[in-house]
Amino acid sequence: MVGVSRVVSVGRSPHGRIACLSVILLTWSWVLGCAPKVDHYDQVNQYIYDQNYDAALLLMDESKAGYRERDAALFYMEEGLLYHFAGRFEESNQYLFQAETILAELYTRSISNQTASFLLNDNTIPYRGEDFEDALVNLFLAINFAGLGLTEDALVEARKLDNELNIVNSHYADDQKNIYKEDAFIRFLMGILYESGDEINDAFISYRKAEEIYRNDYLPNYGVRAPRFLVENLLSSARALGFYQEIAEIQQLYPEITYPQPDEKRNSVEIIVIHYNGLGPEKVERSWIVPMPDGYIVKVAYPVFERKNYLISHAVVQLEQMDTGKTFRFSTELMEDIGAIAVLNLDNRMARIKTKAIARATTKYRATKTASKVADDQAGGLAGLMVQIAGNIAAAVTERADVRYWRMLPDEVRVGRALVPAGRYKGEIGFVGAGGNVLFTRQIEPFTVVSGEKKFFIQRSMR
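What counts, and at which threshold
- Along each chain, the written sequence defines residue order, and numbers are assigned to residues from 1.
- Where local features are concerned, this predicted model is filtered to residues with pLDDT of at least 70; where side-chain atom pairs are given and counted, the filter is 80 or more; whole-chain, interface and lining totals use all residues.
- Only hydrogens and water are set aside; all other atoms, that is, all heavy atoms of the structure, feed into the side-chain values.
- Here, a salt bridge means any Lys or Arg side-chain nitrogen found within 4 Å of an Asp or Glu carboxyl oxygen.
- Starting at the N terminus, helices and strands are each numbered in turn, a helix being any DSSP run of H or I of at least four residues and a strand any DSSP run of E of at least two.
- Within 6.5 Å between ring centres, the rings of Phe, Tyr and Trp (the latter by its six-membered ring) count as paired, and their orientation is classed by plane angle as stacked under 30 degrees, edge-to-face over 60, tilted in between.
- Type-normalised accessible area, obtained with a 1.4 Å probe on protein chains alone, sets the label of each residue: buried when under 20%, exposed when over 50%, and partly exposed for intermediate values.
- Buried residues of nine kinds, namely Ala, Val, Leu, Ile, Met, Phe, Trp, Tyr and Cys, make up a nonpolar core once their side-chain atoms join them within 4.5 Å.
- Any two residues whose heavy atoms approach within 4.5 Å are treated as being in contact.
- Axes here mean lines fitted to C-alpha atoms, for a helix over just the part in contact, with angles spanning 0 to 180 degrees between N-to-C directions.
- Amino acid classes used here: Ala, Val, Leu, Ile, Met, Phe, Trp, Tyr, Cys and Pro are nonpolar; Asp, Glu, Lys and Arg are charged; the rest, including Gly, are polar.

**Student:** Summarise the pattern of salt bridges; cite the residues concerned and give the values.
**Tutor:** Scanning all chains against the criterion turns up 27 salt bridges. With a closest N to O distance of 3.4 Å, Glu232 and Arg228 form a salt bridge. Linking Glu232 with Arg228, this pair stays in helix α12 (residues 228-241), spanning four residues, or about one helical turn. Among the salt bridges present, the one from Arg414 reaches Glu412, with a minimum N-O distance of 3.2 Å. One network of salt bridges, in which partners are shared, links Glu195, Arg228, Glu232, Lys265, Glu270, Arg417 and Lys454.

This is the structure:
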C-alpha cells in the first residue's frame, strides 16, 4: 500500500504531473515519429538479385503489417514495382493504380494533418511521395502497358506523367520550381508507341521533344546525353515525313550518327531492352543544433539523398537468329538518371523544408517557454526548470526528418535498342563492370517476332 500511495502522491503533485507529461510526450513522439519497418529490404533485394521474384513478393506481403496506414501509398509503390521487375505487368498495374489513387487524394492535404506535421514532424502525415516519385508511378504504368501491347493505355499514362509534372511545378514560385520538370525517357517511349501505330508525325514530335530535353535539360543538369538510337529514330521519322530542313539541323548537332531508311525500319523488328541498374539513393536525416541564450536547445532536422555505389556500368545484349545463325550485339545506354533526379529534386525544395522546420522548432521553443513560465508562477522555479527540460527533450525527440522514400527504385534506367529481321531468336545479356569485364550473364529465353513489331524486355541488376 505504501508503494501505491507514493505513486498517487507523485502523480498529483505539480512535479509529478510534469514528469508524467514528459514521459507521455516522449512516448507519443516516438510512436508518431518512427518510420515504417525496413528490415526486410535487404532480403528482398537479395531475392531480386537471385531472380527469385516469388520469394521477394511473398516476403513483401508478409511485411505489409509493418507499414502504417499513412504509409499505404509507399507499400503499393514498392509492391507494384516489384511485380514490374518480375515482368508481371497486370499485377504491377493493380498495385501502382492503388498508389496513384492514394497519392492523388493526398495531393491536397487536410488542415489537421498539416497542423500535426507542423507541431511534431512530417512523419505524422500520410506519405504522398517526392514529386519525382509521383511521376515515376505513371512511367512504370506506361512501360507495363507497353509490355502488354496496350499502346493506347501506355500513351495515356505517358501523358499523365507529363501533366503531373506540369501541375506540380505550377504550384511553386518561379525561383522554386523543380529542375525535373520534363521526362525525356517517357517522350522516347511515346515515340516508340506512336511509331508502332504508324503515327509517324506524332512519333517525330515525341522524338524531337525527347532530344531537346536531353540537350537542354538532362545534359546540363544530370550529365545525360541523348542516346544514339533516339537520334537515329528521330532522323528516320523526319526522313519518312520529308522534313529535310529538320534533318539538316539534327545532323549538325550529331554529325557522326547515321540512320536507317524508313522502309528498312518499317520492315524490321525493334528490340528494346530496359535495364534497371543499381540501387537508388538512400534518404537520411541531417540536422543542426542552435543553442539559445536561455539554455534552450533548438534542433532543426531535414532529409537528404545519399547515392550508393554499385559495380555494373552497363549491359551488353547478344541475340542470335536461330534460323540463320546471324548475331546482333548492342549495349544499353543511360536514359534516366533517377539518382541524380532524386538528389536535385530534394535540393530544389530544401529551402521550403528548412523554412518549415525552423518555424516548427520556433513554435516548440515558444510553447515550452510559455509552459515553463506558467509552471514557475504556479509551482516555483524548480517546476519551471523541469518543464523547460522536458520541453527540450520532447522538442529534440519530435524533431525528425521525414526519411521515407521509394526504396526499390533503381539508380539508373538504361536502354538498349536493336533493329533485327523478323524471326526466332535466343540470346543472353551480360552485365559489365566499370573495368569492362562481364561480371555475370543471364539467358534470354527463345522468342519469335514479326516485321514491324516492338518487343520489350525488362532486366534488373542490383550490384
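Having seen the model, we can carry on.
**Student:** Could you give an account of the packing of aromatic side chains, with specific residues and numbers?
**Tutor:** For the structure shown, the criterion picks out 20 aromatic pairs. Considering the side-chain rings of Phe75 and Tyr76, the 5.6 Å spacing of their centres and the 70° angle between planes classify their relative orientation as edge-to-face. Across the pair, exposure class does not vary: Phe75 and Tyr76 are buried alike. Pairing Tyr425 with Phe447 gives two aromatic rings, centres 5.8 Å apart and planes at 20°, and the pair type is stacked. One end of the pair, Tyr425, is in strand β8 (residues 423-433); the other, Phe447, is in strand β9 (residues 438-449), with 22 residues separating them in the sequence.

**Student:** Could you give an account of the nonpolar core, naming the residues involved and the relevant values?
**Tutor:** Tyr180, Phe185 and Ile274 are the most contacted members of the largest nonpolar core, which totals 97 residues. With sequence-adjacent residues up to four places away left out, Ile274 is seen in contact with Ile143, Phe185, Val413, Arg414, Val415, Phe456, Phe457, Ile458 and Gln459. In terms of nonpolar packing, the next biggest core, distinct from the first, is built from 18 residues, Val269, Ala315, Leu319 and Ala418 among them.

**Student:** So what's going on with the packing of helix α8 (residues 131-147) against helix α15 (residues 338-348)? Residues and values would help.
**Tutor:** Running from N to C, α8 and α15 point in directions that differ by 140°, and their axes come no closer than 9 Å. Taking contact as the criterion, the partners of Asp131, Phe132 and Leu136 in α8 are, on α15, Ile338, Ile341, Ala342 and Asn345. Across the contact of α8 with α15, the residue classes tally to five nonpolar, one polar and one charged.

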